[in-house]
Amino acid sequence: MIRFNQKEGVFHIQTKSSSYVFCLSDFNVLEHLYYGKKIPDDNVRYYGNRQIYSHLGHESREDRSFSPSVQGMEISPFNSGDIRTPSVIYNCDGDLDCNRLRYLSHVIYKGRKPIDGLPFSRRTTDCETLEVTLVDKGKNLEVTLFYTVFPSVDVISRYMQIKNTCKKDITVQKLASACVDFYGMDYDVITLEGIYLYERAKVSRNKLERGTFKNESLTGTSSHNKNPFIAICSHNANEDVGEVYGFNLVYSGNFAEEVSVSHLGDTRVLLGISDVGLLWTLKPNEILCSPEAIMTYTDKGIGQMSRNFHDHIRQSIIESDFAFSSRPIVINSWEASYFAVSEQKVLELAKSAKDCGADTIVLDDGWFRPNDKSGLGDWRTDKERFPSGIKGLAEKIHAMGLKFGLWLEPEMVNENSDLFKAHPEYILTTSKAPLISRSQYILDLTREEVVRLIADRISEELKGAEIDYIKWDFNRYATEAGSFSTPQGEVYHRQMLGSYKLLSLLKERLGKVLFETCCGGGGRFDLGMLYYSPQIWTSDNTDPYARIFIQNGTGVAYPVSTASCHFTRGDCTSGRESTYEFRYNVAAFGAYGYELDLSEYSDEDKKLFKEFSEKYRRNEDLNLSGDLYRILSPESSNFYADIKVSKDKNKALFTFLEINATGFIENMALRLKGLDPDKLYKNEVTGEVLHGATLMNVGIRISDLYRKKRSDGYTVAFTAI
Ligand code: DGJ
């Protein structure tokens with residue numbers, strides 16, 4: 001609900017449990033008052049800061065109580081009186097003298113508007129939007145702040161639009177989607193740190209200190225190393241209690257999030273596209289929109305923050321056709337054969353697929369090239385290895401009662417390709433000798449003609465082929481942000497807009513196809529990609545021990561159904577051995593599938609795989625729509641444990657995994673979470689019937705779990721009776 005109190009000049013955005021409040025100051029500047037636990041409408045102005053620091057500038061000569069450097073600000077242009085970290089910077093002819101943005105008008109309406117060219121929280125029901133337009137009278141430009149509230153999931157989204165209403169060009173240098181000020185600095189900052197093969201594996205928590213904490217990616221992707229998710233929380237917050245503010249950005253390119261503590265000990269959180277290298281020219285009447293930021297508040301700990309985001313992402317970011325629908329159980333050719341794929345091999349894989357309970361065959365890289373050195377950009381099927389072409393192969397797979405998926409990497413071109421030879425100017429580069437990575441360059445998608453050309457080539461090659469699933473890969477970082485046709489300061493963001501355009505075009509042309517995005521493993525695991533693809537390849541690291549950390553971190557910000565997890569040989573990246581059961585128990589965390597050469601496995605193995613697939617299907621509803629409760633963190637113990645509970649609390653699945661078999665059995669009980677204390681639950685393994693209250697307070701004794709082989713891990717389903 002959004003209310004404007006005319007008399008007080010106060011905007012109050014309310015979710016089920018939180019309040020976000022700002023007002024028009026006496027000087028028509030938007031003053032941030034409060035974000036936190038839900039408060040009543042009365043006395044809201046009381047929350048404003050009225051401390052007087054005479055050395056900091058103030059608006060009025062008579063009354064020193066309003067100072068832009070002391071008050072909370074909804075938007076803070078550089079050089080406009082606020083000496084803290086600015087949220088926007090723009091100049092006109094090099095003149096950086098932004099003015100305080102003054103209120104012009106506002107409107108509140110049901111639903112929301114789309115953001116042109118960018119992904120966003122797409123839901124239009126059960127939400128309300130506030131648009132506040134501000135003006136910089138000196139520069140003559142208009143800024144509109146958009147707030148949409150999704151009350152039932154405690155999420156508020158924000159973005160801004162800047163419009164040049166003057167006669168000269170304006171250059172935008174910084175454009176944060178959200179600026180949220182907090183009194184005090186008693187917070188920890190949580191980010192998801194990683195690296196290739198270990199994406200989001202470290203849930204990093206640091207005590208906020210004076211100065212600026214920056215979470216940033218400059219790779220042209222959201223990256224393996226950083227993630228646009230960030231949270232601040234009270235020092236005492238844990239999984240179940242404490243105040244947590246979670247933030248994320250609906251964007252897949254260079255981003256920056258700054259958490260700055262001012263000399264007064266106040267905290268400012270900024271989220272947006274990175275300002276490094278950003279110089280965006282707005283001609284008269286042109287508009288630039290920032291990506292959307294989302295935020296949630298809870299006083300029920302990090303676990304509740306995750307669940308708020310999970311619900312929001314499933315309801316508003318992912319396409320409704322896929323969000324809650326059963327996903328394919330794929331068998332993917334990559335770890336089965338790498339580049340050595342052929343029609344015959346794929347058909348052989350398909351023959352065994354059903355024996356394992358898989359329903360979709362995914363032909364990964366290699367269908368148009370023998371290695372990674374050629375072919376990208378030309379998109380010509382290797383007819384020697386695939387004599388029936390993609391269309392013919394898809395028909396054969398369908399005739400076997402299976403679905404067909406295909407790998408693509410549309411944003412790239414190999415150096416050894418006809419496209420690159422004919423159009424060396426179609427790549428993203430600043431110099432004549434750009435860095436080469438995996439023998440490929442990134443195509444310059446800031447150019448509309450390149451976007452169209454690639455979309456046409458791929459659609460032409462796949463014409464008539466019935467494809468059910470696309471794996472959309474991206475295997476190098478942008479190391480030189482330059483274009484032969486686009487101004488350098490606009491390249492990174494325009495490139496992202498071009499990628500989104502290409503995704504939209506191919507989705508349109510291919511029809512109702514499930515997209516799984518990927519970026520050399522999990523290098524673009526973000527809300528921008530989830531807008532186009534309900535699931536993302538989580539990491540090239542499929543060693544289940546490492547995957548526990550990767551999946552645990554990923555689940556902090558993203559629903560488990562978005563994390564694509566395959567049962568594989570398990571030892572490819574680490575050489576470490578693991579039991580089949582353990583690999584299954586880890587992979588069943590997310591969207592389950594296989595990536596194996598099935599000819600190496602016996603009929604008995606396949607029978608077991610089929611049982612795994614069936615077990616996964618029985619509990620898939622919990623992955624798609626249930627609530628995730630983390631019980632033991634692999635980062636602070638030798639174990640991982642979680643429970644997924646259905647919304648009606650009638651069904652739950654508990655998972656317990658041991659990371660290093662130490663032989664040491666701790667005398668501990670694991671308290672389950674999220675159950676209904678008054679319901680009776682049947683333990684589907686032991687047949688015991690216990691109250692939710694017993695399971696959540698007394699817990700499951702760990703020694704009971706060890707009746708089984710410890711290296712397998714342990715799962716148990718609970719059903720309310
Ligand atoms: C990187 C992906 O993460 C892998 O799964 C595979 O698709 C390869 N690319 C193919 O080149």
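What counts, and at which threshold
Residues numbered from 1 in each chain as written. Predicted model: local features only at pLDDT ≥ 70, side-chain atom pairs only at ≥ 80, totals over all residues. Heavy atoms only, no water. Near = heavy atom within 4 Å. Polar contact = N/O pair within 3.5 Å; in protein donor to acceptor, adjacent residues only side chain to side chain. Areas by Shrake-Rupley, 256 points an atom, 1.4 Å probe, with all protein chains shown as cover. Nonpolar A, V, L, I, M, F, W, Y, C, P; charged D, E, K, R; others polar. Salt bridge = Lys/Arg side-chain N within 4 Å of Asp/Glu carboxyl O. Helix = DSSP H or I, 4+ residues; strand = E, 2+ residues; numbered from the N terminus. Buried < 20%, exposed > 50% of the residue type's maximum accessible area, 1.4 Å probe, protein only. Domains from an automatic or database assignment. Disulfide = S-S within 2.5 Å. Phe/Tyr/Trp six-rings, centres within 6.5 Å; stacked < 30°, edge-to-face > 60°. Lys NZ or Arg CZ within 6 Å of the ring centre and 35° of its normal. Axes fitted to C-alpha atoms, helices over the stretch in contact; angles between N-to-C directions. Parallel < 35°, antiparallel > 145°, perpendicular 65-115°, else oblique. Left-handed = near helix turned anticlockwise from the far one by under 90°. Contact = heavy atoms within 4.5 Å.

Caption draft 1: Examining the site of the ligand more closely. As a matter of local geometry, the ligand sits amid 13 residues, with D364, D365, K471, D473 and D540 nearest to it. In this structure, D364 approaches the ligand through a side-chain N or O atom, which is 2.7 Å from an oxygen atom. Across the complex, the protein chains shield 98% of the 290 Å² of accessible surface that the ligand would expose by itself. Of the residues belonging to the shell around the ligand, the class tally is four nonpolar, three polar and six charged.

Caption draft 2: The arrangement of the pattern of salt bridges in detail. Scanning the model with the defined rule gives 51 salt bridges in all. Here D82 ties to R268 by a salt bridge, and the two come within 2.8 Å at their closest N and O atoms. Taken together, the positions of D82 in the loop between strand 5 (72-73) and strand 6 (88-91) and R268 in strand 18 (residues 267-273) put the pair 186 residues apart, joining distant regions of the chain. The pair D82 / R268 is uniform in exposure class, with both members buried. Residues joined by salt bridges that share partners form a network here, namely D365, R369, D372, K373 and R438.

Caption draft 3: Representation of the domain arrangement of the chain. Split by domain assignment, the chain resolves into domain 1 (2-317), domain 2 (329-411 + 453-477 + 514-624) and domain 3 (631-720). Here the C-alpha centre of domain 3 lies 39 Å away from the C-alpha centre of domain 1.

Caption draft 4: Representation of the state of the cysteines. For the structure on display, the rule yields zero disulfides. Note on C356: no disulfide assigned, nearest cysteine sulfur contributed by C572 at a separation of 17 Å. By relative accessible area, C356 is classed as buried at 1%. Unpaired in this structure, C572 has its nearest cysteine sulfur neighbour in C518, at a distance of 15 Å. With relative accessibility at 34%, the residue C572 sits in the partly exposed group.

Caption draft 5: View of the packing of aromatic side chains. Evaluation of the coordinates by the stated rule reveals 43 aromatic pairs. Ring centres of F567 and F612 lie 5.9 Å apart, and the angle between their planes is 40°; this geometry places the pair in the tilted category. Taken as a pair, F567 in strand 30 (residues 563-568) and F612 in helix 12 (residues 603-625) lie far apart in primary sequence, 45 residues in all. Here F567 matches F612 in class, with each residue buried. Centroid distance Y584 to Y592: 5.3 Å. Interplanar angle 80°. Geometry classified as edge-to-face. Judged on exposure class, the residue Y584 and its partner Y592 are both buried. Members of the aromatic cluster, connected to one another through ring pairs, are F4, F11, Y20, F22, Y35, Y147, F182, Y187, Y245 and Y297. In this structure, K507 packs its charged tip against the face of F515, placed 4.7 Å from the ring centre. Lying across the ring of W537, R547 places its NZ or CZ 4.8 Å from the centre.

Caption draft 6: Seen up close, the packing of helix 11 (residues 580-587) against helix 12. For the pair helix 11 and helix 12, interaxial distance at closest approach is 11 Å and the crossing angle is 25°. In this view, helix 11 runs roughly parallel relative to helix 12, as classed from their interaxial angle. Here the hand of the crossing between helix 11 and helix 12 comes out right-handed. Across from Y580, E581 and Y584 in helix 11, the residues of helix 12 making contact are D605, L608, F609, F612, K615 and Y616. Each residue belonging to the contact of helix 11 with helix 12 can be placed in one class, and the counts come to six nonpolar, no polar and three charged.

Caption draft 7: Structural context of the environment of N475. Tracing the sequence through the fold places N475 in the loop between strand 27 (469-472) and helix 8 (491-510). There is a polar contact of 3.3 Å between the side chain of N475 and the backbone nitrogen of G520.

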